[in-house]
Structures are given as structure tokens and as C-alpha cells.
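Report on the structure
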Amino acid sequence: MSTPLPGRDFTAAPAFRTLRKLAGNAPDLTEPGVLDAARIGALRAEAAGWSLLYATQRVNEAVLKALSALARETAVLQRFEMLLAGEPLNRIEGHESENRRVLHFASRNVVEELPDPHPWPATADAVANARTQLERLRIFLKELEQGEVRAPDGAPFSDLVHVGIGGSDLGPRALYLALQPFLRQGRRVHFISNVDPDDAAQVLRGLNLAHTLVNVVSKSGTTLETRTNETLVRAALKKAGLKPARHMLCVTGAGSPMDDPQHYLRAFHMFDYIGGRYSATSMVGAVPLGFALGYDQMHDLLRGAREMDLAALTPEPRENLPLLAALLGIWNRNFLRLPTLAVLPYSQALIRFAAHLQQLDMESNGKGVTRHGALVDFDTGPIVWGEPGTNGQHAFYQLIHQSPTVVPCEFIGLRQSQYGEDLQVEGTSSQQKLLANLLAQAQALATGQDSANPNRFFPGNRPNSILMADRLTPRTLGALLSFYEAKVAFQGLIWNINSFDQEGVQLGKVLATRLLAHMAGKAPAGGEAQDPIGPALLKAAGLR
Ligand code: G6Q
């Protein structure tokens, strides 16, 4: 039996009732003068290089007070500290479930200059493991650098193919794409995730395999897509006359079916206390990013994440960036009853970041039962989606501005571009044009526009916030990653759901395995051949 969580249940907290009442009369941002300079200056918080501007949310002093009270009454920060202290909160009480600690924070508790304010004894093993794996990676990267490890023809390895799916793909891919200006010269990373054979074919056809490392990432070591793609890549290496074991790396759980050093040039470990979608700062992301960026810049990403992890412990909710964002999200989701969230980075570099957040948020908080297995009687995580601006403006912003479906937005902006290659055209740079568009959207969504022409009427009151930093670097990106991880964890802890399992993906996997058995002409295990649905679907789809 684990320690019970402190604090009140979400709907039993007195602040829940207060917020319900306040939602009936939410502040009207379309009223002239409401969105004034004093409000814009005051509704702002800072941490780890990022500012959160939230004057364009439908909140006022009373709502913010009640949200802080909700944080206190649900003891969300004490619950978060239990997580950090190694309490096994990845479990459902009284039911068969995972029963694990949640310690992705340990993977960045490796920065000497940022000492641990709470060296929690029950996490010492996780911190030690993180440091050991990182040191092994540092040595490997040095060997690559110094030419001790090189391609069969003596050339340096120039490319790395990262094979993994879900949490073993989305985070590393989003971060790699976001840090292109920081790549070491002559190094590139490619990603294969889908079991669609065209994914692997497309990546492999453009590569000189002799100069390519392959990093296979699977915590379980059993994932169908990843093991299939590993087999495809091994076959391609053999076909090119190469020895796979001289090219292949792996990141896998200790003792998994993949954990066999004979098959790999190097094997790195990941651990059961780090969920896939939280694994970007473990070896899952560190191996491809270390290869692409070099050890020091990869370490800077960990530093940024660590800085935000520490900021997430700030006791005052209005000064705690991820907690504040979590509370604003709960206000929109549970009290204003808005079902989706658009994440809109005004940065081309963040092109796949929303895809990563989609998994992080929806797989974590798209849950229907509490940590005690009871059905929830309130809404949980929103539907998360998004694309970089300004492209989105020319596509789906119409709906965001004028549809009766109100979509809360989280904008992300950077004061400087990454490359600094810019030109003044008609008195402004492209970066200024980009940011002017971001701010204009935030304002337009909040205040709307009156018009006698109903088709030109903008209702406004569309809640949004803006996250701003100076420049997207490994360090600020690490902080942004940790910001969202903490935001999602805070929301899950307030709702008292398990944000760290993913039972909802199992049924489809089981049924796909059964269909594959039919397709291979084998009787599926457990006599399930009696089930008429699978064969009928195969037939109707023209696959049998
Ligand atoms: C993430 C999920 C899931 C997982 C993939 C890959 O939190 O657990 O997306 O990352 O299914 O799993 P493996 O790493 O075990 O191959």
C-alpha cells in the first residue's frame, strides 16, 4: 500500500465550487479598457529564460486567487514532491496496474552547478544511473571524435538513423529538428518510426550506409514497429556488405530482449521509472542529440530542463510558471468547459513540437479513471494540436477566430531568430513580422472586433497565453520541454489521475496482433479465431 496523497479531491476542494461560480461570470476581454497596459504588465511570470504572458486569458484577481486556492487545497506541490521523492505514483490503487516511480527528473539531475536542493534517498539509484549512462555516452562521443570508433573505411560516421516509435521517437525528433543551427558540421540524424515500409525505404535510400550509425531505441525491446524496422535496417546493412554490429547502437531497458551487447556496437540503458514520452532527456534523446550537437550542447539542453525542474518547485502558484500554466489550463478545461488546446509556435524550428506535446499531454492526461480506479466525473486533458505560425494563420485560424467552438491557444515566441540571417523589408525584419503576427493574433482572439456585418464580427474572449524567450537554444529548449512535462504532471496530480500509464493503447495492439495472425494464416492464441469481426473486417477491406 502506498502513502495516501495529501490534499482534497479536485471536485471536493472548496475552490472548485468558487471557480464554478466565477466561470458563470468570466471576465469579458472585449469590454473596452479591460486589456490595458497595467493588466498586460501585471499578468506575467518568469522562469528559466521564459516569460508567460497571460493577460489574454479570461481571468481576473478573483479567478487567480481561486486557482491558487485550488493548488493549495489539492496540495499539488506536495504531491509533486512525492513524485520527485520517488513515491510510486504510476499506479492505480486496488487494481492491477503498473507500479512504478516517476523519475524522468533524474535524467537531468546531472548538472554539477545546479545542486540538488532535496537529495531524495529513494531516487539515489536513478540519479546514479543517469550519471553512469551519461558518462558512457560522453566517452563514446569522444571515441567518435578522436576517430577511435569509425566507419569500416576509416572515415568518420556522418549520419545516424534513429529507429523508435512513440515516446522513443517524438521527443528526440522534435528536439533535433528544433536545433538545426547547432548541429556539428557534417553530422545528420534521420528518423524511422512507422512500420509503413516506405518510412524506412525513404530514409535508407539517401544514405551512404558505410558511414552511418543506427540507434535502435525501445524500452521494452519488443515493440512491433521498432523490431521490424531494426530487421529492415540490419538487412540493408548486410546487403551493402557491412557488419551490422559495427554500426548499430541501442537504447533499451536493462534485461529487455534487445539488451544483448553482441548485436550492438554500444548498448545504453533506460529504466522503468522513465515513461517513453518523458524520456527525451534520458539516453533516448541524449544519444541522437549528443551525436548531432556534441556532448556540451546536449548537456546544455539538460541544464535548461534542470533549471525549469527547479523552478517548478516555486511555492507561490503565480510565480511557478508550469503550475500557473496548469491552473490556467484547468480553468479553461473544467470551468470554461473548452475541450481543445492549440499550441502555436511562432518558430519554424518547433515544427514537430506540437506533435510531441500531443503525446505528452494526451497520453498522460487523456484518462477516464482516478488513481483509485473510480470513473472521473469531470473533464480531463484537452485535445492538443497545433502548427507553427504564421503558416497556421493561412489555414485553420478562421475557425479559431469565428467558429462557435472556442479554442484556447498557447503561443510560443522567440525575440531573436536562430540563424540571425534576416533582412529589413519595408522597415521591419522578418523576425519582427513574425512576432507582430503572434501578438496581433493574441490580441484579436482576446478582444475580437465589433461589426454591423455579422460575417465580419469577431466574438473575442478566446483565451490564450504567450510563452516568450530570447532565442531557441539547447538551454531554452530544454527548459520549454520541462515546462510542459511539469504542466502536464501538475494537471494530472490536481485531477488525481495517473498521468504515467497508457492502458488506452493496449486494445488496438492486441487486436492488430490477432489480425496479423489471421493474415499469416495462423490460428490466433486462445481460440479467438471464433471472433467473426476481424476476418469480416479483413474481407471488407480487401485484405483476404
Ligand atoms: C510513451 C509510451 C509509448 C512508447 C512506445 C515505444 O510514453 O509508452 O509511446 O514510448 O510505445 O515503446 P518502446 O520504447 O518500448 O519501444
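What you are looking at is a predicted structure, and each value in this text was computed from that prediction instead of being measured.

Under the definition given, this model contains 26 salt bridges. With its nearest N and O atoms 3.0 Å apart, the salt bridge here joins Glu-230 to Arg-234. In this pair, Glu-230 and Arg-234 are both assigned in helix α8 (residues 224–239), four residues apart and thus about one turn of the helix distant. Accessibility classification places Glu-230 together with Arg-234 in one group, the buried group.

Turning next to the packing of helix α6 (residues 170–178) against helix α12 (residues 353–365). It is at 8 Å that the axes of α6 and α12 come closest, and there the two elements cross at 155°. Classed by the angle they form, the pair α6 and α12 counts as roughly antiparallel. Read as a crossing pair, α6 and α12 show a hand that is left-handed. Contacts from Leu-170, Gly-171 and Ala-174 of α6 reach α12 at Phe-353, Ala-355, His-356 and Gln-359. Of the residues assigned to the contact of α6 with α12, the class counts are four nonpolar, three polar and no charged.

Further remarks concern helix α1 (residues 14–23). Three or more residues of α1 are buried, namely Ala-15, Phe-16, Leu-19 and Ala-23. The arc enclosing the buried residues of α1, seen along the axis, measures out at 105°, which places them on a common side.

A separate point is the packing of aromatic side chains. Per the stated rule, a full pass over the model turns up 16 aromatic pairs. Between Phe-140 and Phe-268 the ring centres are 6.3 Å apart and the planes differ by 65°, which places this aromatic pair in the edge-to-face class. Placement of the pair is Phe-140 in helix α5 (residues 124–145) and Phe-268 in strand β7 (residues 266–270), with a sequence separation of 128 residues. Classification of Phe-268 as buried rests on a relative accessible area of 0%. Above the ring of Phe-291, the side-chain terminus of Arg-187 is found at 4.7 Å from the ring centroid. Directly above the ring of Tyr-264 sits Arg-234, whose terminal nitrogen or CZ lies 5.2 Å from the centroid.

As a further point, take the site of the ligand. Around the ligand, 13 residues are found, and the nearest of them are Ser-218, Ser-220, Thr-223, Arg-277 and Gln-359. A distance of 2.7 Å separates an oxygen atom of the ligand from a polar side-chain atom of Ser-220. A total of 410 Å² of accessible area belongs to the ligand in isolation, and the protein chains cover 84% of it. Classifying every residue of the shell around the ligand by side-chain character gives one nonpolar, nine polar and three charged.

Strand order in the open sheet formed by six strands is β1-β2-β13-β10-β8-β9, and the pairing between neighbours is mixed. Strands with a single pairing partner mark the edges of an open sheet, and in this sheet they are β1 (44–47) and β9 (383–385). Within this sheet the neighbouring strands show an average axis-to-axis angle of 20°, counted without direction. Both strand β8 (residues 340–345) and strand β10 (residues 409–414) contribute to a ladder of four bridges, which runs parallel. Its bridge partner being in β10, Ala-342 is matched across the sheet by Cys-409.

Right, let's talk about the pairing of strand β2 (residues 50–53) for a bit. Neither face of β2 is exposed, since Trp-50 and Leu-52 on one face and Ser-51 and Leu-53 on the opposite face are all buried. In this structure, β1 lies alongside β2, joined through four bridges in antiparallel fashion. Residue pairing in the sheet places Ala-45 in a bridge with Leu-52 of β2. Across three bridges, the pairing between β2 and strand β13 (residues 464–469) is antiparallel.

Below, the discussion takes up the sheet that holds strand β6 (residues 248–253). Read across the sheet, five strands follow the order β4-β3-β5-β6-β7 without closing on themselves; strand pairing throughout is parallel. In the strand order of this sheet, the two ends are held by β4 (188–192) and β7, each with one partner. Along the sheet, successive strands turn relative to each other by an average axial angle of 20°, direction set aside. Inspection of the sheet shows strand β3 (residues 159–163) paired to β4 by five bridges, in the parallel sense. By the bridge assignment, His-162 is partnered in β4 with Phe-191. Lying on the sheet, helix α7 (residues 197–205) is in contact with β3 and β4; it crosses β4 at an angle near 160°.

Taken together, the side chains of Val-195, Leu-224, Leu-516, Met-519 and Leu-543 define a hydrophobic patch exposed on the protein surface, amounting to about 440 Å² of accessible area. Note that Met-519 resides in helix α16 (residues 506–519).

Orientation of α12 relative to helix α15 (residues 474–495), taken along the N-to-C sense of each, is 20°, at an axis distance of 10 Å. Of the possible angle classes, the one that applies to α12 and α15 is roughly parallel. In the crossing of α12 with α15, the sense of the turn from one axis to the other is right-handed. Across the interface between the two elements, Phe-353, His-356, Leu-357, Leu-360, Asp-361, Ser-364 and Asn-365 of α12 pack against Leu-480, Leu-481, Tyr-484, Glu-485, Val-488, Gln-491, Gly-492 and Trp-495 of α15. Taken together, the residues that form the contact of α12 with α15 break down as eight nonpolar, five polar and two charged.

Rules of the game
Each chain has its residues counted from 1, following the order in which its sequence is written. Selection of residues for local features in this predicted model requires a pLDDT of at least 70, selection of side-chain atom pairs for listing and counting requires 80 or more, and totals for whole chains, interfaces and linings are taken over all residues. For the side-chain quantities, the full set of heavy atoms in the structure was used; hydrogens and water were omitted. What counts as a salt bridge is simple: a side-chain nitrogen of Lys or Arg found within 4 Å of a carboxyl oxygen of Asp or Glu. Helix and strand assignments follow DSSP, with helices taken as H or I runs no shorter than four residues and strands as E runs no shorter than two, numbered in order from the N terminus. Whether a residue is buried, partly exposed or exposed follows from its accessible area with a 1.4 Å probe, protein chains only, as a fraction of its type maximum: under 20%, in between, or over 50%, in that order. All axes here are fitted lines through C-alpha atoms, helices being fitted over the stretch that makes contact, and every angle between N-to-C directions spans 0 to 180 degrees. Our angle categories are set so that under 35 degrees counts as roughly parallel, over 145 as roughly antiparallel, 65 to 115 as roughly perpendicular, and the remainder as oblique. Here is the rule for handedness: rotate from the far helix to the near one, and if that takes an anticlockwise turn smaller than a right angle the crossing is left-handed, while a clockwise turn gives right-handed. Residue contacts are counted whenever heavy atoms from the two residues lie within 4.5 Å of one another. Put simply, Ala, Val, Leu, Ile, Met, Phe, Trp, Tyr, Cys and Pro go in the nonpolar bin, Asp, Glu, Lys and Arg in the charged bin, and everything else, Gly too, in the polar bin. Directions drawn from the helix axis to the C-beta atoms are what define this arc. Classification of ring pairs rests on two measures: the distance between centres of Phe, Tyr or Trp rings, Trp counted by its six-membered ring, which must be within 6.5 Å, and the angle between planes, read as stacked under 30 degrees, edge-to-face over 60 and tilted in between. By the criterion adopted, a ring carries a charge over it if an Arg CZ or a Lys NZ lies within 6 Å of its centre and within 35 degrees of its normal. Being near a molecule or strand, for a residue, comes down to having at least one heavy atom within 4 Å of it. Residues adjacent in sequence count toward polar contacts only when both atoms are side-chain atoms; beyond that, a polar contact is any pair of N or O atoms within 3.5 Å, and within protein one must be able to donate a hydrogen and the other to accept it. Accessible areas in this description were obtained via Shrake-Rupley with a 1.4 Å probe; residue shielding takes into account the shown protein chains only. Following DSSP output, two strands are said to pair if at least two bridges run between them. Here the term patch refers to residues with relative accessible area over 30% and no salt bridge, with like charges joined within 9 Å and nonpolar side chains (Val, Leu, Ile, Met, Phe, Trp, Tyr) within 5 Å.

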